[in-house]
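# Residue-level structural notes
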Amino acid sequence: MASAATEAPGAPVPPRGRKSVTGTRRTVAVLFLLPALVLLGALVVYPIGYSLVRSFGNQAGDGFAGIDNYKALFTDDGIRTALKNNIIWVIFAPTVATALGLIFAVLTERVRWGTAFKLVVFMPMAISMLAAGIIFRLVYDQDPHKGVANAVWVGIHDTFASSSAFPNAHPGRQSSLKADKGGFITSTTVHTGQTVTLPLVGVAPDQLPDSAKKAAAAKPEPGKITGTTWQDFTRGKGVGKLGAVDPSEVGYGGMRIEAVKDGKVVASTKAAGDGTFTLPAKADGAQLRLPASNFKAPYNGVEWLGPSLVTPAIIGSYVWMWAGFAMVLIAAGLAGVPRELLEAARVDGANEWQVFRRVTVPLLAPVLAVVAVTLMINVLKIFDLVFIIAPGSSQDDANVLALELYRKGFSEGQPGIASAISVFLLLLVIPVMLFNVRRLRREVRR
């Protein structure tokens, strides 16, 4: 009692051990964090430090190269192409993905099946980069029978400009046709009442158009020129007669025939399914020509993975994967936008476009910035899609820094330059990360 009485009422109690805000002793907290710190040091800090040191060494790793490896970043053609492509990626991929995410997020708010649509758009995020690369390698296949992109493109093209079914057709033996401006023309003139034969060979039976029928010999008509153009080929030795229509031969249905006088087309027609055709009396005394349009190669679509389009094509696959990610984050931000502000703008006479541009977008600006910056960090490290989608003939044109790092380090045996590229990539990512962290902290303070 006496000792308690001698203590001052407000005297501070000596601390028995430093504790954190949650009541956990700091030594205990450090012990719990130690495994994570060890892993962080072993998997992050040590590799960064080793790469930094290695970037100043020679390729053998037993000498000092100074800044020679960093000079190569701006003098090596492959690295310069990779840097240029990375700039294209950073500018376009996040912008397009964020813009599409914004559009999807706003539009899906107005439809009843918006949740299902969001699920479909977000679903590609569940696919790995490797699987997405394999998918789009098939999508961009040059063959329209395999590649979806070219199948659609060729279908649209052929709707407005049909392709030829006879790209390899040419006159056979003892033919009256001769070459003329990519097509073929008769060596003599024709006259009304005459029947003309225009035999050709060179088209495989399985490549003939579906409209092709058994060839028929044309019958003469007064005041008109008639004829037949057909596949003058019968399988089997001694079967059929050369230059004459045989029962087993097939007509060139759809073949265009022109009557030419003094270099001018005076009449034209198309052959029926059995190869027969008829020209009017004004074709009398003309030569018959099969124009070059009959023999042009069929349209096979766009070379999506060629040198000029390979980077935009791969960016398209990236946008397909990440537009859903942007949409979900923007939709979450849109859910927090005060509805009274939107209604007030509408009451003041603003139309929907003005409400979107002057109210919705400014209120979503912090979310849009976070999404865009996050995607920028992501595309700076892009590797999988480029490595898988770009074919060997176009990989140099689609090259990016992460892919060039792999090639220098593992394919070309230049680890010093590969380490310099990795350090350079880290330096590019750090400012973007700092910008993102500062923006997130400002949002927390609000």
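Heads up: these notes are all about the structure in this document. (Residues numbered from 1 in each chain as written. Predicted model: local features only at pLDDT ≥ 70, side-chain atom pairs only at ≥ 80, totals over all residues. Heavy atoms only, no water.)

## A few points about the overall build of the protein chain
Defined as follows: By definition, any uninterrupted DSSP run of H or I lasting at least four residues is a helix, any uninterrupted run of E lasting at least two residues is a strand, and each is numbered from the N terminus. Two things to know: the radius of gyration comes from C-alpha atoms, and the globule rule equals 2.2 Å times the number of residues to the power 0.38. In this analysis, two residues are considered to be in contact whenever any of their non-hydrogen atoms come within 4.5 Å of each other. Within this scheme the basic residues Lys and Arg register as positive and the acidic residues Asp and Glu register as negative, but His and the chain ends are omitted. All charge positions are set by atom: Lys at NZ, Arg at CZ, Asp at CG, Glu at CD.
Per the secondary structure count, the protein chain includes 13 helices and eight strands. Taking 22 Å as the expected radius of gyration for a compact globule of 446 residues, we find that the protein chain reaches 37 Å, considerably beyond that expectation. Of the contacts formed within the protein chain by residues at least 6 apart in sequence, a portion of 69% connects residues at least 24 apart. Of the charged side chains in the protein chain, 44 are positive and 31 negative; the average position of the first set lies 7 Å away from that of the second.

## Comments concerning the environment of A272
Looking at the element boundaries, A272 is found in the loop between β6 (264–270) and β7 (276–279). Sequence separation of A272 and R357 is 85 residues, and the distance between their C-alpha atoms is 58 Å. For A272, the residues in contact, after removing those within four places along its chain, are Y252, G253 and G254.

## Quick notes on the side chain of R407
Within the element layout of this structure, R407 appears in helix α12 (residues 401–411). Those residues in contact with R407 that lie beyond four places of it in its chain are Q395, D396, N399 and E412.

## Topic: the environment of T189
On the secondary structure map, T189 appears in the loop between β2 (183–186) and β3 (195–200). When the C-alpha positions of T189 and G413 are compared, they lie 71 Å apart, and in sequence the two are 224 residues distant. Dropping the residues within four chain positions of it, T189 is found in contact with Q194, G285, A286 and Q287.

## Considering the packing of aromatic side chains
To keep things clear, this is the line we draw: Note on aromatic pairs: the rings of Phe, Tyr and Trp (six-membered ring only in Trp) are paired at centre separations within 6.5 Å, and the planes decide the class, stacked below 30 degrees, edge-to-face beyond 60, tilted for the rest.
Across all of its chains, the model carries 19 aromatic pairs by this definition. Grouping aromatic residues by their ring pairs yields a cluster made of F136, Y140, W153, W304 and W320.

## Focus on unusual backbone geometry
For clarity, the cut-off: To sort residues, take the accessible area from a 1.4 Å probe on protein chains only and compare it with the maximum for the residue type: under 20% means buried, over 50% means exposed, and anything in between is partly exposed.
In this structure, K181 takes a positive phi of about 50 degrees despite not being glycine. By secondary structure assignment, the location of K181 is in the loop between β1 (177–180) and β2. For D262, which is not a glycine, the phi torsion comes out positive at approximately 50 degrees. Turning to its location among the elements, D262 is positioned in the loop between β5 (256–261) and β6. The class for D262 is exposed, based on a relative accessible area of 81%.

## As for the nonpolar core
Quick note on the threshold: By nonpolar core is meant a set of buried Ala, Val, Leu, Ile, Met, Phe, Trp, Tyr and Cys residues that side-chain atoms within 4.5 Å join together.
Counting 46 residues, the largest nonpolar core has W89, I314, Y318, I330 and L385 as its most contacted members. Residue assignment for this core shows that the elements contributing at least two residues are α4 (77–108), α6 (129–139), α8 (310–335), α9 (339–347), α10 (352–380) and α11 (384–389). If one sorts the elements of this core by residue count, α8 sits on top with 15 residues. Ignoring any residue separated from it by four or fewer positions in sequence, one finds L385 in contact with M129, A132, G133, I314, S317, Y318 and A390. Judged by nonpolar contacts, the second largest core, of 25 residues, contains A169, V196, L200 and A271.

## Topic: the pattern of salt bridges
Let me state the cut-off plainly: Each salt bridge in this description consists of a side-chain nitrogen of Lys or Arg and a carboxyl oxygen of Asp or Glu lying within 4 Å of one another.
The tally for this structure, following the rule as stated, stands at twelve salt bridges. With a shortest N-O distance of 2.9 Å, R110 and E352 are connected by a salt bridge. Taken together, the residues R110 in the loop between α4 and α5 (114–122) and E352 in helix α10 connect sequence positions 242 residues apart. Among the residues examined, R110 registers a relative accessible area of 54% and is labelled exposed. The exposure class of E352 is partly exposed, given its relative accessible area of 39%. Measuring nitrogen to oxygen at the nearest pair gives 3.9 Å for the salt bridge that ties K224 to E221. One network of salt bridges, in which partners are shared, links D76, E404, K408 and E412.

## Points about the packing of α4 against α12
Under the convention used in this document: As a rule, the C-alpha atoms of each element are fitted with a line to give its axis, helices using only the stretch in contact, and angles between N-to-C directions run from 0 to 180 degrees. These descriptions rest on fixed angle ranges, namely under 35 degrees for roughly parallel, over 145 for roughly antiparallel, 65 to 115 for roughly perpendicular, and the rest for oblique. In this classification, the charged set is Asp, Glu, Lys and Arg, the nonpolar set is Ala, Val, Leu, Ile, Met, Phe, Trp, Tyr, Cys and Pro, and all remaining amino acids, among them Gly, are polar.
Between α4 and α12, the least distance of the axes is 8 Å, while the angle of their chain directions is 155 degrees. The angle between α4 and α12 falls in the class roughly antiparallel. Residue-level inspection shows G78, I79, A82, L83 and N86 of α4 in contact with α12, the latter providing L401, E404 and K408. Along the lines of polarity and charge, the residues of the contact of α4 with α12 split into four nonpolar, two polar and two charged.

## Points about the sheet that holds strand β8 (residues 287–290)
Inclusion rule: Only when DSSP finds a minimum of two bridges between them are two strands counted as paired.
With antiparallel pairing, the five strands of this open sheet are ordered in space as β1-β2-β8-β5-β6. A strand with exactly one partner marks an edge of an open sheet, and here the two such strands are β1 and β6. Strand-to-strand twist in this sheet, taken as the mean axis angle between neighbours without regard to direction, amounts to 30 degrees. With four bridges connecting them, β1 and β2 associate as antiparallel partners. The partner of D180 across the bridge, within β2, is G183.

## Considering the sheet that holds β3
Strands pair in a sheet through their backbones, by hydrogen bonds, and they do so in one of two ways: parallel or antiparallel. With respect to topology, three strands assemble into an open sheet ordered β3-β4-β7, the strand pairing being mixed. Only two strands of the sheet have a single neighbouring strand rather than two, namely β3 and β7. Going from strand to strand, the sheet's axes swing by 25 degrees on average, the running direction of each strand aside. Bridge count between strand β4 (residues 225–231) and β7: four bridges; the pairing is antiparallel. Bridge pairing in β7 places G227 opposite F277.

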